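# Tertiary structure, described
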Amino acid sequence: MIPKFDVLTKEEVQKVNDHTMKILAEVGVEFTYDPAIKVFNEAGFKTDGHRVYFKREDVENLVKKAPAEFKLHARNPEKTVTCNHTELNLTPSYGPPYIYDLKGNRRYSNMEDYDNIVKLTHVSENINHTGGNVCEPIEIPEEIRHMRMLMSHIKYSDKPFMGSAYGVTGAADSIKMCEFIFGSRDVLKKNPALITLINSITPLKYDDRMLGALMTYAEAGQALLISSLVMSGSTGPVGMAATVALQNAEILAGICLAQLINPGTPCIMGSTSGPVDMRGMSLSIGSAETALYTAATAQMARYYGVPSRGGGGLNDSKIVDAQAGYESMLTLFAAATSGITYVLHAAGIMQYYTSFSYEKFIIDDEIAGLVRKFIKGYNFSEEMFLMDDIKQVGPGGHFLYQPSTFAHCRNELRDVYVSDRGNWQDWVAGGSRTVAEVACDKWQQILKDYEAPAIDEALEKELSAFIGKRTEELM
């Protein structure tokens, strides 16, 4: 692994921390959920209605209780992932209500799309976590949507998956469904399988739904992806340093609550922050500022000793074009090289979190492969200097027929997924196709050839019965 890239000096990290602590102590954070206020009051925190104020020493002591490393267990143990400061875990899109096609047409997403995205993720060699809420299947009633989505992850992949953030109900149902797979609540608490996205409301607020989910998962010992989306110049200050400090304060406040509920709860510091385009007042995520916020978050997380989340194939484009490509490479590369361990939106996302593209998913998978190859770096073992071959070939020769070329070409030199490295004549003979057109054929072929991972028949019946019962109770 290459060394992690820092965008802040040690002095700047300390400045961010100092201003974060001032915000927490002097401005405070609003928690609208009464059970959360009760937790803070019982712990001796100063509160004023639903606003909570944090002393520096309390924040420092509580954040230290969050682990620097933890595992997210998969149905297939071989696909369990580790979250720390070195491992890179990639997930697909999260939350887009729309699907873009190859020509830029837009439609609402549905359950078939949801299943397809999980299947594509399962097959991917680069995306190692199926994420959650990969799109919004709007035809499924909202009351039961979280269970149908979770079942898709369980049935169509054996990689790890996220739990629902749909308040206490979504969290409790997610945990119960995981108990069918992994064992009792105590087993699940010792070996976390779920992680869920907890979003603050900028500036400096958490609502009932997020807090209900946070507290339920913390009690069960499941991981929390506590994230802030500061829109610089709109929901947050225009200053980039101020944005990082404000974001930091919101995230640390959430981590503190989790540790008060259950010391040792796995937590990830997450950034989705970006600037507002001041001409149209829309969020921009395919920007240098977003990449810098991601890198700063990774660095602040190392300072506090917890893993981090940020970046992805983020872009503001409406079609799969050059803009989508260069913005996505920038934001994913920044995440990977700065030390982000958990990446939402690594594949398929379009137009500042609002849409999913199948073609973009395939291209992002290619980008992810390139980035993984880069951060893997060199093999500096003595064997790989291949001195015997160099001596044998000597001046003016070639290495094409050397046994080492065939033996090591696949692990030393990455092959392409959809990129075209052929000559011009072959490209013309093949129809002069764009990479988006190639990606369109690719995703359709993957779904045609897809084979579901094995799942115990009794387990599937138990889960289906649980969903049926809960559907009757909730509808």
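Note that the structure is a prediction, hence the values are computed from the model and not measured. Each chain has its residues counted from 1, following the order in which its sequence is written. In view of the model being predicted, local features appear only for residues whose pLDDT reaches at least 70, and side-chain atom pairs are presented and counted only at 80 or more, with totals across whole chains, interfaces and linings using the full set of residues. Side-chain measures here rest on the full set of heavy atoms in the structure, leaving out hydrogens and waters.

## Points about the packing of aromatic side chains
We call Phe, Tyr and Trp rings a pair once their centres come within 6.5 Å, taking the six-membered ring for Trp, and we label the pair stacked below 30 degrees between planes, edge-to-face above 60, and tilted otherwise. Throughout the structure, instances matching the rule amount to 16 aromatic pairs. Note on phenylalanine 31 and phenylalanine 54: the rings are 6.4 Å apart at their centroids and 50° apart in plane angle, and the pair reads as tilted. A residue pair is termed long-range when its members are at least 10 positions apart, and phenylalanine 31 in strand S1 (residues 29–31) and phenylalanine 54 in the loop between strand S3 (51–53) and helix H3 (56–63) qualify at 23 residues. Grouping residues by exposure puts phenylalanine 31 and phenylalanine 54 together as buried. Members of the aromatic cluster, each reached through a chain of ring pairs, are Phe31, Phe40, Phe45, Phe54 and Tyr206. Think of it as a cone above the ring: NZ of Lys or CZ of Arg counts as a charge over the ring if it is within 6 Å of the ring centre and within 35 degrees of the ring normal. Across from the ring centre of tyrosine 53, 4.9 Å away, lies the NZ or CZ of lysine 46, which sits over that ring. Above the face of the phenylalanine 180 ring, lysine 176 is positioned so that its terminal group lies 5.5 Å from the ring centre. Working definition: helices are DSSP H or I runs of at least four residues, strands are E runs of at least two. Numbering for both runs from the N terminus. Buried, partly exposed and exposed residues are distinguished by accessible area as a fraction of the type maximum, computed with a 1.4 Å probe on protein chains only: under 20%, between the cut-offs, and over 50%, respectively.

## A word on unusual backbone geometry
Of the consecutive residues threonine 202 and proline 203, the connecting peptide bond is found in the cis state with omega at 5°. Tracing the chain through its elements places proline 203 in the loop between strand S9 (195–199) and strand S10 (205–206). Of note in this structure, asparagine 133 is not a glycine but carries a positive phi near 50°. Considering the arrangement of structural elements, one finds asparagine 133 in the loop between helix H4 (111–123) and helix H5 (142–156). Note on asparagine 133: relative accessible area 14%, which makes it buried. Not every positive phi belongs to a glycine, and serine 432 is a case in point at roughly 50°.

## Section: the environment of aspartate 426
Considering the arrangement of structural elements, one finds aspartate 426 in helix H15 (residues 424–429). Counting along the chain gives 287 residues from aspartate 426 to glutamate 139, while the straight-line C-alpha distance between them is 44 Å.

## Here's the deal with H5
Its 15 residues place the ends of H5 21 Å apart at the C-alpha level, agreeing with the 21 Å of an ideal helix rising 1.5 Å per residue. For H5, the tally of buried residues reaches 11 of 15 residues, placing the bulk of the element in the interior. Along H5, the residues that are buried comprise Ile144, Arg145, His146, Met147, Met149, Leu150, Met151, Ser152, His153, Ile154 and Tyr156. Each helix should span, by expectation, one fewer than its residue count multiplied by 1.5 Å.

## Here we look at the sheet that holds strand S12 (residues 231–232)
Sheet strands line up and pair through hydrogen bonds in the backbone, either parallel or antiparallel. What the three strands build is an open sheet, ordered S12-S14-S15; its pairing is mixed. A strand with exactly one partner marks an edge of an open sheet, and here the two such strands are S12 and strand S15 (282–283). Pairing between two strands is assigned when DSSP locates at least 2 bridges connecting them. Relative to S15, strand S14 (residues 274–277) runs antiparallel, the two being bridged by two bridges. Considered in S15, the bridge of aspartate 277 is made with serine 282.

## With respect to the side chain of histidine 345
Mapping histidine 345 onto the fold places it in the loop between strand S17 (342–343) and strand S18 (349–350). On the accessibility criterion, histidine 345 (4% relative accessible area) is buried. Here, two residues are considered to be in contact whenever any of their heavy atoms come within 4.5 Å of each other. Look past the residues within four positions of histidine 345 in its chain and what remains in contact with it is Thr91, Pro92, Ser93, Tyr94, Arg309, Gly312, Gly313, Leu314 and Tyr353.

## Side note on the pattern of salt bridges
Salt bridges, as used here, are contacts in which a Lys or Arg side-chain nitrogen is within 4 Å of a carboxyl oxygen on Asp or Glu. Enumeration according to the criterion identifies 16 salt bridges in this entry. Notably, a salt bridge pairs arginine 279 with aspartate 277, separated by 3.5 Å at the nearest N-O pair.

## Quick notes on the pairing of strand S13 (residues 267–271)
A regular strand places its side chains on the two faces of the sheet in alternate fashion. Summarising burial for S13: five of the five residues are buried, a large majority. Of the pairings in the sheet, the one linking strand S11 (residues 223–228) to S13 comprises five bridges and is parallel in character. Pairing of isoleucine 226 across the sheet is with methionine 269, part of S13. Sheet topology places S13 next to strand S16 (residues 308–309); two bridges connect them, and they run parallel. Bridge pairing links glycine 270 to arginine 309 in S16.

## A look at the environment of leucine 283
For leucine 283, the position within the fold is in strand S15. The exposure class assigned to leucine 283 is buried, which follows from its relative accessible area of 11%. Excluding residues within four positions of it along the chain, leucine 283 makes contact with Leu229, Met231, Gly274, Pro275, Asp316, Tyr352 and Tyr353.

## Let's talk about a nonpolar patch on the surface
For patch building, the residue pool is restricted to those with more than 30% relative accessible area and no salt bridge; the joining distance is 9 Å between like charges and 5 Å between nonpolar side chains (Val, Leu, Ile, Met, Phe, Trp, Tyr). The accessible surface values rely on the Shrake-Rupley method and a 1.4 Å probe; as for residues, cover is taken only from the protein chains in view. Taken together, the side chains of Tyr378, Phe380, Phe385, Met387, Ile390 and Phe399 present a nonpolar region at the surface, about 680 Å² in accessible area. Within the fold, tyrosine 378 resides in the loop between helix H12 (358–376) and helix H13 (387–393). Given the relative accessible area of 72%, tyrosine 378 is considered exposed.

## Notes on the nonpolar core
Take the buried Ala, Val, Leu, Ile, Met, Phe, Trp, Tyr and Cys residues and link them wherever side-chain atoms come within 4.5 Å; each set so joined is a nonpolar core. One finds Phe31 and Phe54 to be the most contacted residues of the largest nonpolar core, which totals 111 residues. Tallying contributions element by element places helix H9 (residues 240–261) first for this core, with 11 residues. The residues contacting phenylalanine 31, other than those within four sequence positions of it, are Ala36, Ile37, Phe40, His50, Val52, Phe54, Tyr206, Leu211, Ala253 and Leu257. Counting residues in each nonpolar core, the second largest holds 13 residues, with Leu72, Tyr94, Ile268 and Leu344 among its members.

## Re the side chain of serine 404
Structurally, serine 404 can be placed in helix H14 (residues 403–412). Its relative accessible area of 15% is what places serine 404 among the buried residues. Excluding its chain neighbours within four sequence positions, the residues that come into contact with serine 404 are Leu386, Asp389 and Cys409.

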